[in-house]
Amino acid sequence: MTEVLDAEPLRGLRARTSLMLEAVEALVNIESPSSEVAATAGCAQRAASLGERLLGAEPGRILVDGRLHLCWRFGRPRVLLLGHLDTVWPLGTLARWPFAVRDGVATGPGVFDMKAGVVQGMFALSTLGSLEGVALLLTTDEELGSPSSRELIERTALGLEAALVLEPSVRGALKTGRKGVSLYRLAVEGRAAHAGLDPERGVNALVELAHQILAIQGTARPTLGTTVTPSVAAGGTATNVVPATAEVAVDVRTATVEEQQRVDEELARLQPVLPEVRLRLDGGANRPPLPETAAAELFERASAAASRLGLPALRAESVGGGSDGNFTAGIGVPTLDGLGAVGDGAHAEGEHVLVDALPERAALVAALLIDLLARPVSS
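Now for a look at the structure at hand.

So, how was this worked out
Residues numbered from 1 in each chain as written. Predicted model: local features only at pLDDT ≥ 70, side-chain atom pairs only at ≥ 80, totals over all residues. Heavy atoms only, no water. Helix = DSSP H or I, 4+ residues; strand = E, 2+ residues; numbered from the N terminus. Rg over C-alpha atoms; globule rule 2.2 N^0.38 Å. Buried < 20%, exposed > 50% of the residue type's maximum accessible area, 1.4 Å probe, protein only. Contact = heavy atoms within 4.5 Å. Areas by Shrake-Rupley, 256 points an atom, 1.4 Å probe, with all protein chains shown as cover. Lys, Arg positive; Asp, Glu negative; His and termini not counted. Charge placed at Lys NZ, Arg CZ, Asp CG, Glu CD. Polar contact = N/O pair within 3.5 Å; in protein donor to acceptor, adjacent residues only side chain to side chain. Pairing = 2+ DSSP bridges. Axes fitted to C-alpha atoms, helices over the stretch in contact; angles between N-to-C directions. Parallel < 35°, antiparallel > 145°, perpendicular 65-115°, else oblique. Left-handed = near helix turned anticlockwise from the far one by under 90°. Nonpolar A, V, L, I, M, F, W, Y, C, P; charged D, E, K, R; others polar.

### A look at the overall build of the protein chain
Looking only at helices and strands, the protein chain has eleven helices and 18 strands in total. Against the 2.2 N^0.38 benchmark of 21 Å for 379 residues, the protein chain shows a C-alpha radius of gyration of 23 Å, consistent with a compact globule. Projected onto the principal axes, the alpha-carbon positions of the protein chain cover approximately 85 × 45 × 35 Å. Classification of the 379 residues of the protein chain by burial places 53% in the buried group. Considering only residue pairs separated by 6 or more positions, the protein chain has 81% of its internal contacts joining residues 24 or more positions apart. Summed over its atoms, the accessible surface of the protein chain is roughly 16,000 Å², and 53% of this surface lies on carbon and sulfur atoms. Side chains of the protein chain give 34 positive and 46 negative charges; the mean places of these two sets differ by 2 Å.

### Structural notes on the environment of Glu 317
Along the chain, Glu 317 falls in strand β15 (residues 316-319). Sequence separation between Glu 317 and Pro 199 is 118 residues, and the spatial gap between their C-alpha atoms is 53 Å. Among the polar contacts made by the side chain of Glu 317, one reaches the side chain of Arg 171 at a distance of 3.4 Å.

### Some remarks on the side chain of Thr 17
Relative to the helices and strands, Thr 17 resides in helix α2 (residues 17-28). Look at Thr 17 and you get buried, because its relative accessible area is 15%. Engagement of the side chain of Thr 17 in a polar contact is seen with the backbone oxygen of Arg 14, the distance being 2.9 Å. Setting aside residues up to four positions removed in sequence, Thr 17 forms contacts with Val 355 and Pro 359.

### Side note on the sheet that holds strand β2 (residues 67-73)
Pairing within the open sheet is mixed, and its six strands lie in the order β1-β2-β6-β3-β7-β16. If you trace the sheet from one side to the other, it starts and ends with β1 (60-64) and β16 (335-336), each paired once. Examined bridge by bridge, strand β3 (residues 79-84) and strand β6 (residues 134-139) share six bridges and lie parallel to one another. The partner of Leu 80 across the bridge, within β6, is Ala 135. In the packing of helix α3 (residues 37-55) onto the sheet, the strands contacted are β1, β2 and β6, and the crossing angle to β2 comes to about 15°. Most of the contacts of helix α11 (residues 357-374) go to β3, to which it runs at about 150°, and overall it touches β3, β6, β7 (162-165) and β16.

### Topic: the packing of α3 against helix α5 (residues 111-126)
One can describe the packing of α3 onto α5 by two numbers: an axis separation of 9 Å at closest approach and a directional angle of 20°. Here α3 is positioned roughly parallel relative to α5, judged by the angle of their axes. Regarding α3 and α5, the two cross each other, and that crossing is right-handed. For the pair α3 and α5, contact is made by Cys 43, Ala 47, Leu 50, Gly 51, Leu 54 and Leu 55 and by Lys 115, Val 119, Met 122, Phe 123, Leu 125 and Ser 126, respectively. Residues of the contact of α3 with α5, tallied by class, amount to nine nonpolar, two polar and one charged.

### Here we look at the sheet that holds strand β13 (residues 245-254)
Here we have four strands laid out as an open sheet, ordered β11-β13-β9-β14, and antiparallel in their pairing. At either end of the open sheet lies a strand with only one pairing partner, and these are β11 (227-235) and β14 (278-287). With direction set aside, neighbouring strand axes in the sheet form an average angle of 15°. In the sheet, strand β9 (residues 180-189) pairs with β14 via nine bridges, with the strands oriented antiparallel. The residue of β14 that forms the bridge with Ala 187 is Arg 280. This element, helix α7 (residues 205-217), spans β9, β11, β13 and β14 of the sheet and lies at about 10° to β13.

### A word on unusual backbone geometry
Trans is the prevailing form of peptide bonds, just as negative phi is the prevailing case for residues other than glycine. In this chain, Asp 113 is followed by Met 114 through a cis amide linkage whose omega measures -5°. Mapping Met 114 onto the fold places it in helix α5. Located in the positive-phi region is Asp 103, a residue other than glycine, with phi close to 55°. Inspection of the secondary structure assignment puts Asp 103 in the loop between β4 (100-102) and β5 (105-107). For Asp 103, a relative accessible area of 76% gives the class exposed. Although it is not a glycine, Arg 171 adopts a positive phi angle of roughly 50°. Mapped onto the elements, Arg 171 comes out in the loop between β7 and β8 (174-178).

### Some points on the packing of α5 against α11
At a minimum axis separation of 8 Å, α5 and α11 run at an interaxial angle of 50°. Between α5 and α11, the interaxial angle falls into the category oblique. Judged by the twist between their axes, the crossing of α5 over α11 is right-handed. Between α5, through Ala 116, Gln 120, Ala 124 and Leu 125, and α11, the contact on the second element is made entirely by Ala 357, Leu 358, Arg 361, Ala 362, Val 365, Ala 366 and Leu 369. Looking at side-chain class alone, the contact of α5 with α11 contains nine nonpolar, one polar and one charged residues.

### Side note on the environment of Leu 81
Locating Leu 81 in the fold gives a position in strand β3. The exposure class assigned to Leu 81 is buried, which follows from its relative accessible area of 0%. When the C-alpha positions of Leu 81 and Leu 369 are compared, they lie 9.5 Å apart, and in sequence the two are 288 residues distant.

Here is the structure:
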């Protein structure tokens, strides 16, 4: 019985490829940069209409800090499909880079990360005879670190058997591990003085910042997969003024919670090098790591589903970037990521998806859902 159910979605979805592509174009054509709350709400409304048509139900519309998120729940959920509608592309990008399809490749801002994945998830659900036991959550602030949606994600996923994340693949590979992400801002306060008349009366915040950046860089442990990157720095007001203030943003990626905590503790112990300087460190852990153990069984079952569908063998890859799947894994829910679009170029000019892979990945999600709802996750 399972083999019949698994084979059917792929045939039907291939016949609906043009409809899937139209839905992707519709979402891409509503620009939704994370920083523009009204724009993300507009895209969410279009996604809600698409979901109503494909799933036969309206979503719950959830406002958090003025942001609109969407959630469909069917019966008592056991499995969560998770995605986001916001992108990194500013308003106006479509004017110079419109959605286009050429030689089986679709391009446009946000098409790969991750509007095609959202469409694939909805079409996958539309092939199931019953949606009982499934939830679909679409958020609008993932690219900002999910400040308004994290609690919603964790509350929705808590106690479920599995979370399937519709983020894009890595050159076709599913994401079975993600590093944890921590974000910091170190501010330095010195004292201003005239750079020509009496520089000795000043305390140079930029010089202090240079010392601190080297100390920050020293907390990295590349052999353990821990990267610590001072990323954006600023300071000073004029060329003839000893800088009184300076600051740097720091991006931390770790493979384990222990490393995330170690770096946090070491950064908290930073001390000034120059006299009379004051330091202030803000920030901390944004996303916990998604360990490969959280995805192991789900990847095996996805691989079996791909085999039943006659698709190429699946590949697994661990990545440094974070997603909302880090949150679901962090509360103990088995999580498999990268089930979205096949393509390349996330956050880069020219991001794209392979059109022929749209129905294939949608069918994979459908087949995996059928399997999960028929047989609970053991881990």
